[in-house]
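# Observations on the three-dimensional arrangement
So you can see what is in the structure, the chains are spelled out below.
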Amino acid sequence: MPNNARPPLIELCDITRVYGMGEAEVHALDGVTLRIETGEFVAIMGPSGSGKSTALNVLGFLDRPTSGAYNFHGTDVANLNRDQRALLRRNYLGFVFQGYNLLPRMSAMQNVELPLIYKGISRSDREERARVALEKVGLAGRANHDPSELSGGQQQRVAIARALAGDPQVVLADEPTGNLDTKLSIEIMELLQNLNKDEGLTIIMVTHEREMADYARRLIWMVDGKVDSDRLTAKGAA
Amino acid sequence: MLWETFKLAFQAILRNPMRSFLTVLGVVIGVAAVIAMVTIGNGSTAQVTADVETFGANRLMLSPGQGRMGPGSGSDSVQPFAQSDVDKIVDQLSSIEIAVPTSTSQLVAVYGNENYQTSVTGTNSGYLVVAEWTLSAGRSFTESDETGKAVCILGATVVEELFGNADPLGEDIRLENISCEVIGVLEAKGASTFGTDQDDLVLIPFKTYARRISGSADVSMISLSMRDGVSTDRAVNDVTMLMREIRRIDPGEEDDFTVNTMEQLSSMLTGISDVLTGLLSAVAAVSLLVGGIGIMNIMLVSVTERTREIGIRMAVGAQASQVLLQFLVEAIVLSVLGGAIGIALGMGLAAVGAILLDIPFIPDPGIIALAFAFSAAVGIVFGYFPARAAARLDPIEALRH
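As recorded by an unreviewed UniProt entry, chain B carries the name Putative ABC transport system permease protein and is attributed to Yoonia maricola. Checking UniProt for chain B, the heading Sequence similarities (unreviewed entry) contains the comment "Belongs to the ABC-4 integral membrane protein family." According to UniProt, the comment filed for chain B under the heading Subcellular location (unreviewed entry) is "Cell membrane".

An unreviewed UniProt entry lists chain A under the name Putative ABC transport system ATP-binding protein, with Yoonia maricola as the source organism. Note on chain A: under the UniProt heading Sequence similarities (unreviewed entry), the record states "Belongs to the ABC transporter superfamily. Macrolide exporter (TC 3.A.1.122) family."

Of regular secondary structure, chain A possesses eight helices and ten strands. Computed over the C-alpha atoms, the radius of gyration of chain A is 18 Å, within 12% of the 18 Å expected from 2.2 N^0.38 for a compact globule of 238 residues. When its C-alpha atoms are laid out on the principal axes, chain A stretches across 50 × 45 × 35 Å. When burial is assessed residue by residue, chain A has 53% of its 238 residues classed as buried. Look at the contacts in chain A between residues 6 or more apart in sequence, and 69% of them connect residues 24 or more apart. As displayed, chain A has an accessible area near 10,400 Å², and 46% of this comes from carbon and sulfur atoms. Positive and negative charge centroids in chain A, built from 27 and 31 side chains respectively, lie 4 Å apart.

Another point: the UniProt feature "transmembrane region" (unreviewed entry) in chain B. Residues and elements named next belong to chain B. The positions that UniProt labels "transmembrane region" (unreviewed entry) are, in the present scheme, residues 21-40, 275-303, 324-355 and 367-385. In this annotation, residues 21-40 is assigned 100% helix and 0% strand; the end-to-end C-alpha distance for the span is 26 Å. Counted over residues 324-355, helix gives 100% and strand 0%. Its end C-alpha atoms are 46 Å apart.

This part is about the nonpolar core. The nonpolar side chains of soluble globular proteins are, as a tendency, buried together. Counting residues in hydrophobic clusters, the biggest one holds 75 residues, and the most contacted among them are Ile10(A), Tyr70(A), Phe72(A) and Ile204(A). Counting residues per element, this core draws most heavily on helix 10 (residues 320-357) of chain B, at eleven residues. Sequence-distant contacts of Tyr70(A), that is, excluding residues within four places in its chain, are made with Ile10(A), Glu11(A), Leu12(A), Ile15(A), Val58(A), Leu59(A), Phe61(A), Thr75(A), Asp76(A), Val77(A) and Ala78(A). Leu139(A), Ala159(A), Ala161(A) and Met189(A) belong to the second-largest nonpolar core, a separate cluster that totals 41 residues.

This part takes up the environment of Ala390(B). Residue and element names in this part refer to chain B. Structurally, the position occupied by Ala-390 is in helix 11 (residues 365-391). Here Ala-390 falls in the buried class, since its relative accessible area comes to 0%. For the pair Ala-390 and Ile-332, spaced 58 residues apart in sequence, the C-alpha to C-alpha distance is 16 Å. Once you skip the residues sitting within four places of it in the chain, Ala-390 turns out to touch Val-303, Ile-310, Met-314, Val-323 and Phe-327.

Reading the values: the criteria
Residues numbered from 1 in each chain as written. Chains lettered and ligands numbered in written order. Predicted model: local features only at pLDDT ≥ 70, side-chain atom pairs only at ≥ 80, totals over all residues. Heavy atoms only, no water. UniProt positions renumbered as here; feature names shortened; annotations may be inferred. Helix = DSSP H or I, 4+ residues; strand = E, 2+ residues; numbered from the N terminus. Rg over C-alpha atoms; globule rule 2.2 N^0.38 Å. Buried < 20%, exposed > 50% of the residue type's maximum accessible area, 1.4 Å probe, protein only. Contact = heavy atoms within 4.5 Å. Areas by Shrake-Rupley, 256 points an atom, 1.4 Å probe, with all protein chains shown as cover. Lys, Arg positive; Asp, Glu negative; His and termini not counted. Charge placed at Lys NZ, Arg CZ, Asp CG, Glu CD. Core = buried A, V, L, I, M, F, W, Y, C linked by side-chain atoms within 4.5 Å.

Written out as structure tokens, the structure reads:
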């Protein structure tokens, strides 16, 4: 570990993730080492099969690395069990998915409250925090609408509000604009960008669209389960 | 958190009310069957006990021959009883308070233009005590009547058939070829456990019966009343020993008479209803098992349908135990709701059955609590496997679903 005053938010060291056995072994991650500090906006890109989704799953405690070290706030979290990882997701992370993944037949408000229920937050508190989160994404007026009554862009905003509701330290976004047209994609990216800039929210985003990656300040390019390049974008350099 | 889980379970159940109802139908039917059976069983047992009490709870019946009591029990080859037997029982046995002879024939009773076939029993005033009859009008036999006078006491049914609403006291009715004066009317008892009308009878003094109707002094049955506080076993034993002595039965030989007790009668009748209740409860238990499998089936389908939902919940931080609890609670709520519907339905059926069978409606809180507990148990047992399947899902796979 580097001799810093404060450990980095995220530090991956020679992480591998191997699926299958023997001949059929697939090295989805093949020795990934990287460090992400609080307040960064990182885009991960790469051709399909490059391991970017697996990297996001490992970063998001949805998956466990086969080998390597993962330090989160300086604590080794590489070998936690399912329930311990669930607690980390609950307390430190927010997820935004390509397919929105809202619960149908539940209002926007109820969807945003979902992580707060698992945090054990009281009903009145929950409603207040969900309302604030919906305001941040500009959907305060749609709190009582079902996902089926909302457009794709609005659904993705609800999903972002859900990710924000639990006051996460990192938001992980997996192709957040994959299902949206260019105009809506730009809106979503501007929203994420503002959250990063104004609230200091750490965002890690996987995308295959260069234009979207350009909203980030740092771009990690992956090839064959390895970090191929890691540099600041135009915005990051500015 | 637990409250949220319950709310979630209700939401999931109400989202598809028809499917939820069909899912729990097995439990509904099983629980309803158990509740209805046990409630009706309780009612009929209470009814039998009450009926047997109208027969006379302290009553013993002594009949010739080895066999069941009732009509046709005395066969020709068996020596009948005599009035002297009755006298000896009363004189010699301290356990017996009253003993009266009874002999019965089916005869037509005639009054004016009305005639009605009824059972005419020759007996004495003690019979009213033994069989616990009370008079609604008139008087019982006096000693003078019992010397062979032509007097009779009528059951309520006979009064209604012959006299309608008119007062029968002091009127003469004809039985066979004798004319006798009505001196009393019995309080109505209603139908017996066997379904026969207990009020369909005419009582006349035993000597009158022997001389003018049967033409024989034979006593076809002896009705006995035990003294209060005497055990049935002791009374039966006393009567048996005395009768063996009177009838000169050698030791080692079988009795040629039978002593029937009310306890035997009531245990025979409740025995039948217990066996029926047991059988139907077994059927109900099978129905509950099938109902539980139905719940398990639908919960498995539900887990598959909601794989993505499970993935989302896991992504936002739900632990395996919380997912397990969610689906388990849903199965339990479903099953307990089914149980509650079944209890209501079973009580309704039992209430209707009680009216139709003319028995008291006696709900049993114990069995209701048991039915509740049992349906909850069905939910736990059959909900656990699907819930565990949900909890074991891999969040990445589930999200991709």
